[in-house]
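# Commentary on secondary and tertiary structure
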Amino acid sequence: MEFNQYEVNALMFVTKRPPIVMTEGRGMWITDNSGKRYLDFMQGWAVNSLGHAPQCMQDALIAQSRKLINPSPAFYNEPAIELAGLLTANSCFDRVFFTSSGAEANEGAIKLARKFGKLHRNAQGQARHEIITFQNGFHGRTLATMSASGKPGWDTIFAPQVDGFPKAQLNDIASVEALITPTTVAVMLEPVQGEGGVVPATSEFMQALRTLTKERGLLLIVDEVQTGLGRTGALFAYQVSGIEPDIMTLGKGIGGGVPLAALLCQESVACFEPGDQGGTYTGNPLMTAVGAAVTKEILQPYLLQNVRDQGQYLSDKLLEISAQHQLAGERGAGLLRVLKLGADTATQVVDIARDLSPCGLLLNAPKPDLIRFMPTLNVTREEIDLMLDLLSQSLTLAGHKA
Ligand SMILES: *Cc1c(COP(=O)(O)O)cnc(C)c1O
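Quick look at the structure, then. Everything numeric here is computed off the predicted structure, so don't read it as measured data.

## Notes on a nonpolar patch on the surface
Taken together, the side chains of Leu143, Ile157 and Phe158 present a nonpolar region at the surface, about 320 Å² in accessible area. Inspection of the secondary structure puts Phe158 in the loop between helix 5 (143-148) and strand 6 (167-168).

## Some remarks on helix 10 (residues 346-355)
Those residues of helix 10 that fall on the buried side of the exposure criterion are Ala346, Val349, Val350, Ile352, Ala353 and Arg354. Packing partners of the buried residues in helix 10 comprise strand 3 (37-40), strand 15 (360-362), strand 16 (364-367), strand 17 (370-373) and helix 11 (381-397).

## Description of the site of the ligand
Lining the immediate environment of the ligand, one finds Ser101, Gly102, Ala103, Asn106, Phe138, His139, Gly140, Glu190, Asp223, Val225, Gln226 and Lys252. Within the backbone of Gly102, an N or O atom sits 2.8 Å from an oxygen atom of the ligand. Considered on its own, the ligand offers 380 Å² of accessible surface; in the complex 81% of this is hidden by protein. Broken down by element, the shell around the ligand gets its largest block of residues, three residues, from helix 4 (residues 102-119).

## Thoughts on the pattern of salt bridges
According to the stated counting rule, one finds twelve salt bridges in the structure shown. In this structure, Asp276 and Lys115 form a salt bridge, with 2.8 Å as the shortest nitrogen-oxygen distance. Taken together, the residues span a long stretch of sequence, with Asp276 in the loop between strand 12 (261-265) and helix 8 (285-298) and Lys115 in helix 4 at a distance of 161 residues. Note on Lys115: relative accessible area 16%, which makes it buried. The salt bridge involving Glu330 is made with Arg337; its shortest N-O contact spans 2.7 Å. The burial state of Glu330 is the same as that of Arg337; both residues are buried. Through salt bridges with shared partners, one network takes in Lys115, Glu273 and Asp276.

## A short note on the packing of helix 2 (residues 55-67) against helix 8
Remark: helix 2 packs on helix 8, axes separated minimally by 9 Å, with the N-to-C direction vectors making an angle of 150°. In this structure, the crossing between helix 2 and helix 8 has a hand that is right-handed. Here helix 2 contributes Cys56, Met57, Ala60, Leu61, Gln64 and Ser65 to the contact with helix 8, which in turn contributes Pro285, Leu286, Ala289, Val290, Ala293 and Val294. Considering only residue class, the contact of helix 2 with helix 8 consists of ten nonpolar, two polar and no charged.

## Notes on the sheet that holds strand 4 (residues 95-99)
Spatial strand order, 4-12-11-10-7-5-6: seven strands in an open sheet with mixed pairing. Either end of the sheet is taken by a strand with one partner, and the two such strands are strand 4 and strand 6. Pairing of strand 5 (residues 130-134) with strand 7 (residues 184-189), which is carried by three bridges, proceeds in the parallel orientation. Within the sheet, the bridge partner assigned to Glu130 lies in strand 7 and is Thr184. Packing against the sheet, helix 4 makes contact with strand 4, strand 5, strand 7, strand 10 (219-223), strand 11 (247-250) and strand 12, and its axis sits at approximately 25° to strand 12.

## Thoughts on the sheet that holds strand 17
Across the sheet, four strands lie side by side as 13-14-17-16; this open sheet has antiparallel pairing. The sheet is open, and its two edges are formed by strand 13 (330-333) and strand 16, each paired on a single side. Mean inter-strand twist for the sheet, computed between neighbouring axes without regard to direction, equals 30°. Of the strand pairs in this sheet, strand 16 and strand 17 are connected by two bridges, and their pairing is antiparallel. From the neighbouring strand, Asn364 faces strand 17, where its bridge partner is Arg372. The strands touched by helix 10 are strand 16 and strand 17; relative to strand 16, the strand with the most contacts, the crossing angle is about 170°.

## Overview of the layout of surface pockets
In this structure, the second largest pocket encloses a volume near 840 Å³. Looking at the second largest pocket, it is lined by 28 residues, and the ones nearest its centre are Tyr76, Val96, Phe97, Phe98 and Thr282. Listed by contribution, the elements that provide at least two residues to the lining of the second largest pocket are helix 3 (78-89), strand 4 and strand 12. The element best represented in the lining of the second largest pocket is strand 4, accounting for four residues. Looking at side-chain class alone, the lining of the second largest pocket contains 18 nonpolar, six polar and four charged residues.

Reading the values: the criteria
Residues numbered from 1 in each chain as written. Predicted model: local features only at pLDDT ≥ 70, side-chain atom pairs only at ≥ 80, totals over all residues. Heavy atoms only, no water. Patch = residues over 30% accessible without salt bridge, like charges linked within 9 Å, V, L, I, M, F, W, Y side chains within 5 Å. Areas by Shrake-Rupley, 256 points an atom, 1.4 Å probe, with all protein chains shown as cover. Salt bridge = Lys/Arg side-chain N within 4 Å of Asp/Glu carboxyl O. Helix = DSSP H or I, 4+ residues; strand = E, 2+ residues; numbered from the N terminus. Buried < 20%, exposed > 50% of the residue type's maximum accessible area, 1.4 Å probe, protein only. Contact = heavy atoms within 4.5 Å. Near = heavy atom within 4 Å. Polar contact = N/O pair within 3.5 Å; in protein donor to acceptor, adjacent residues only side chain to side chain. Axes fitted to C-alpha atoms, helices over the stretch in contact; angles between N-to-C directions. Left-handed = near helix turned anticlockwise from the far one by under 90°. Nonpolar A, V, L, I, M, F, W, Y, C, P; charged D, E, K, R; others polar. Pairing = 2+ DSSP bridges. 1 Å grid on protein atoms, 1.4 Å probe; cavity = no way out; pocket = protein on both sides within 12 Å on 5 of 7 lines; lining within 4 Å. Points joined across faces, edges and corners; volume = space filled by probe spheres on them.

Below you can see the structure in the form of structure tokens.
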């Protein structure tokens, strides 16, 4: 039996990791401490929008660290103001609150909705607090966001749950309507369920949700932590449906790899009062300076065009691979896609791909039968072609013969 020294170190055990230590990264490539290189189609779970260590992030970090790292959230700072301006100028939202993680941004969204429901009570004068969320949805790993998530088994791990998150079925408007009660205040969803296996909400469903929530006086919250800032080929995934939500959360890609996330809302919903919301690192200028640099790059027209072009190319090629290896097709949006294996071999394929030599391929298995692809938004056709070659080899080695 192989001994893995890294499993007995001082880091708390929370997940099984391969016995390698990552030391360097550039663009689509990451290198481990033995010098082996990996083509990275995971990019920190759709986090490194511009790849490993892009120049604009290095420059922003260095420049801001020389100027001001932490004035405390008691004061305004320039990068936070700049980034909030960029986000509101390019979305339907008016106000931004920065956090360090997606889960924290979603906690903020939940608190904001509950506060709104306290200020805008029902006909019986009761405060409204229930937020309808979705089966197989994912909103983070704090107690409230785990309760809001619809991941099977998550309702019992840390019971009792935070109350008030009934679960509807994605793309089934009747299932949402059936859950509305006098104390419902909002509906919250991911425009594309990421951890749930890259399952897009249809445009018709998003539009029906907006109509229903407006009619019933409910807020619509979109969790764009995974889909936000270019990942699906639009700047924000909600824009594709032509609707305007009341609240949105961002995370992952907005920081390009540094801990940065955001809660955004329309002016009519911005009801926090002093004491309601805060946090030591909210709007930290070192992180928001990086976020502003990343956001400006993503706002360059060529980049969203690249996501759409390479997303289409990746989709076409995955369908070819699916046909060659007799798999079950693919789905997704932009550069957030899954290959459907039709068998529970995804973990095996991921392990085989990583261990290929001379260079490995990093993939992710959100479900036992799905392989997920989340390359950088500026990925090239050559990088996709090399990935497809390594993927095909891995599929064959895992028993999916061509
Ligand atoms: C990753 C993710 C989160 C949680 O973000 P963290 O930064 O890990 O807390 C929330 N919602 C969605 C849709 C995500 O993909």
